[in-house]
Amino acid sequence: MKTYNWRPFLERWSADWLDSPGARERGDMAETVLQDRWLGFPAAGEDRIGELEERLGVTLPPTYRSFLAATDGWRPAGTPVGRVGAAEGVHWYGDPDGLQALHEGALTEHASEEEVLRAGMWGRALRLSADPAGVEVLLDPGDPDADGEWAAYLHRGGAGGERPERHGSFMDLMQALFREFHRAHADTPGFANETTRELDADVEEARLACLDGEDIDGALELLSEAAECGRPRAQALRVQLEAMLNGGGGVGGGVRAGVGVGGSPASCVVGRLDDPLYARELLPLAALDHLRAGRADGAGHDEAEFLRSSDGHGHDGDDRKQALALLREIDERTFRYEAPGPFGDAVASAREQARWGDTDGAWRTVAGAVADWEPYGEDHLAPVGLLADPLLGPVITAERGRYLLETPRAGAGGGRSTANGGGEREAARVRADGLGWLAEDTGPSAPDAYRFVLVHGVPPRELAERIGRGPLLAPCDESEAGQAIRIGSCGDGGEGQGTSEENWSFAFESGLNGTEPTSEALSRGTESVTVWCERGGRSAALPGVFHFSYAEDGERVYGFTVRDGEIEEWGEIPDALDPGHLFPDAGPGWGQDAHDEADDTSDDVSSLSAGDSWALDPDDEYESLDAIAGVFGVSLPRFAIRHGRLHAIAPS
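Since the structure is predicted, the reported quantities are computational estimates derived from the model, not experimental observations.

**Q** I'd like to hear about the sheet that holds strand β8 (residues 485-489), residue by residue, with values.
**A** One open sheet holds the nine strands; their spatial order is β7-β14-β8-β9-β6-β10-β11-β12-β13, and the pairing between them is antiparallel. Only two strands of the sheet have a single partner each, and these edge strands are β7 (472-476) and β13 (566-570). Ignoring which end each strand starts from, the neighbouring axes of this sheet average 20° apart. As defined by bridge partners, β7 adjoins strand β14 (residues 646-649) across three bridges and the pair is classed as antiparallel. Along β14, the bridge assignment pairs L472 with I649. Along the sheet, helix α19 (residues 460-467) makes contact with β6 (449-456), β7, β8, β9 (504-510) and β14, crossing β8 at roughly 145°.

**Q** Quick rundown of the nonpolar core? Include the residues and the values.
**A** Judged by nonpolar contacts, the single largest core of 67 residues is most densely connected at L241, L283, F306, I330, F343, L404 and L405. Considering every element that reaches this core, the biggest residue donor is helix α11 (residues 276-297), with 10 residues. The residues contacting L405, other than those within four sequence positions of it, are C210, G213, I216, L241, M244, L245 and A382. Judged by nonpolar contacts, the second largest core, of 43 residues, contains W6, L68, V81 and L128.

**Q** Describe the sheet that holds strand β1 (residues 91-92), and please don't skip the residues or the numbers.
**A** Within the open sheet, the five strands sit side by side as β1-β2-β3-β4-β5. Their pairing is antiparallel. Either end of the sheet is taken by a strand with one partner, and the two such strands are β1 and β5 (165-167). Bridge count for strand β2 (residues 126-127) against strand β3 (residues 136-144) is two bridges, and the pairing is antiparallel. Its bridge partner lying in β3, L126 is registered against L139. Each of β3, β4 (150-155) and β5 touches helix α6 (residues 113-120); the most contacted strand, β3, lies at about 125° to it.

**Q** Now, about the pattern of salt bridges: what can you tell me, with residues and values included?
**A** Two side chains bearing opposite charge may form a pair once their charged atoms approach each other closely. In this structure the tally under the stated criterion is 33 salt bridges. Linking R124 and D140 is a salt bridge whose minimum nitrogen-to-oxygen distance equals 2.6 Å. Remark: D140 occurs in strand β3 and R124 occurs in the loop between α6 and β2; sequence separation between them is 16 residues. The class for R124 is partly exposed, based on a relative accessible area of 26%.

**Q** So, empty space enclosed by the protein: which residues are in play, and what are the values?
**A** All told, the structure shown has one cavity of 30 Å³ or more when counted by the stated rule. The volume enclosed by the largest cavity comes to roughly 40 Å³. Lining the largest cavity, in full, are W13, W74, R75, P76, A77, T79, V81, G82, V84, M174 and L177.

**Q** Go over unusual backbone geometry with me, naming the residues and quoting the values.
**A** Its identity is not glycine, yet D215 carries a phi of approximately 45°, on the positive side. Here D215 shows up in the loop between α8 (194-211) and α9 (216-228). Although it is not a glycine, D564 adopts a positive phi angle of roughly 55°. Within the element layout of this structure, D564 appears in the loop between β12 (555-563) and β13. When its relative accessible area of 32% is taken as the criterion, D564 is described as partly exposed.

**Q** Any details on the pairing of β3? Residues and values, ideally.
**A** For β3 and β4, the ladder comprises six bridges, and the chain directions are antiparallel. Paired with P144 across the bridge in β4 is W150. Hairpin connection between β3 and β4: a loop of five residues separates the two successive antiparallel strands, and G148 in this loop has a positive phi of roughly 85°.

Scoring rules and cut-offs
Residues numbered from 1 in each chain as written. Predicted model: local features only at pLDDT ≥ 70, side-chain atom pairs only at ≥ 80, totals over all residues. Heavy atoms only, no water. Pairing = 2+ DSSP bridges. Helix = DSSP H or I, 4+ residues; strand = E, 2+ residues; numbered from the N terminus. Axes fitted to C-alpha atoms, helices over the stretch in contact; angles between N-to-C directions. Contact = heavy atoms within 4.5 Å. Core = buried A, V, L, I, M, F, W, Y, C linked by side-chain atoms within 4.5 Å. Buried < 20%, exposed > 50% of the residue type's maximum accessible area, 1.4 Å probe, protein only. Salt bridge = Lys/Arg side-chain N within 4 Å of Asp/Glu carboxyl O. 1 Å grid on protein atoms, 1.4 Å probe; cavity = no way out; pocket = protein on both sides within 12 Å on 5 of 7 lines; lining within 4 Å. Points joined across faces, edges and corners; volume = space filled by probe spheres on them.

What follows is the structure, encoded as structure tokens:
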């Protein structure tokens, strides 16, 4: 049988507890405990363990069995659990409060396997704790793993108590209790021992490794362990790593205002608004997490909850005003992340690129400057406030967040210069998106219709003025835009370099609006490309449409429209854009394949004859878009349109 080395672990726990302030003054501390520095008892022999198994009618799981072989029970040791694990105190739980029926009755058809196991645990569990009025320790023989370990639970209350806390084994549960003991005493003056010294050394090792861009996962593991034990510096460091590894689309890990980091409430640190690391980096993340949580559960956001720290205290006075002002900026998406030094200059440039659609360029700007990033202090690991910026946050994906962490920065040894840094290396991997991706985006959230116009040598702001539908709206993402037309740059130059002869600007809108685009006027003094696509396929009243038009100086030159299998064309169309080649099945019976793949039970389909057609062939759509991109050398930025925030103009 596999054995487990319990003795060193339990001796460490005993020493840490007995050396903690006030431990020796406890009135219930046995003299033998003080003399032997041991919170356990004599080991249970094999005969005693065998008798227990015979009484229970089961073979005990390995880590609990080996625990008894090291000590027949464990005294209260700085946690809410009383004496635990003694052989004579072990009994079947019996579910005295009827919790199994309560929990099983709350299960839904979508319940996970773990939820089903947890609900059924109460009637078959083994109780190891001696005091049923306190926190109970339960083992579930109905939830074993491949090693024969039983799931272990901490049950912290009666019928109205908290959800039981599950662990993979009895050893896992005891280690969690050891960390809980350390968390509970972390802020106690004079609480220092071999464990705290080792953990603090691990925190410093992880901090330096992260700044050097080395072994980020190993650093996170060290910080997580130290944070679970309540080491003060570990919390703020861990939340920065987790936030960057989640990226701007998944910021969090439970960042909270007033606390600075996630984790259990007992392990949170109170932030100060005169600390720039908290006020400019962590608090914006806390605000973003708070707002996202409110939107997710439909309850909206609670300002009092945002301001309240885990210990019940909150910001007041000027701090309160400052925190609420920041919350409003995040909510209204007017927050601007700023940073000192050359990196801050790069962030400002990247924001301009991102808001005009050059999200790849914005990323390269940030990545190329991160080696020159300046921290606010020793405990500042990365520019995490960047993730809360409404324009740049979406640009920092999880992969890119890891890339920034793996770039040596803040003066660390081996740092890359801006001129030859990771940004340029990353840029080499960037390729133009083209146009064909629009045909590939066919998931549930993808629009069934879209239209865009590309104008050569005209910056986005001027393009918006040419469209002339009112003032430029604040940057918005695809879901917020609705019927608004989003404006941006197709090239790398952004708004500042949008007049380059190689640059095109775009106006893009999703969905049906029932009007044919009239974009020739946008081409005055230059050239423009217009595409309008409606995939159709839902009913004969919504036929498939693909419209392409090329215009110069306000006049259309050539193009075509394919609607419901019929082709209309004008001008001298280049061979590469010949609609007869791009839509080879146009004519009678066009789109019949789409009929075959449609829902044959729908009223729309059943009412059609064999000659009826309406859906675009996705391959034809792709080939047409790809051909247009090739002929004109144009591209639409996929990330910016699908995930970025772009300026927009109101629909007519």
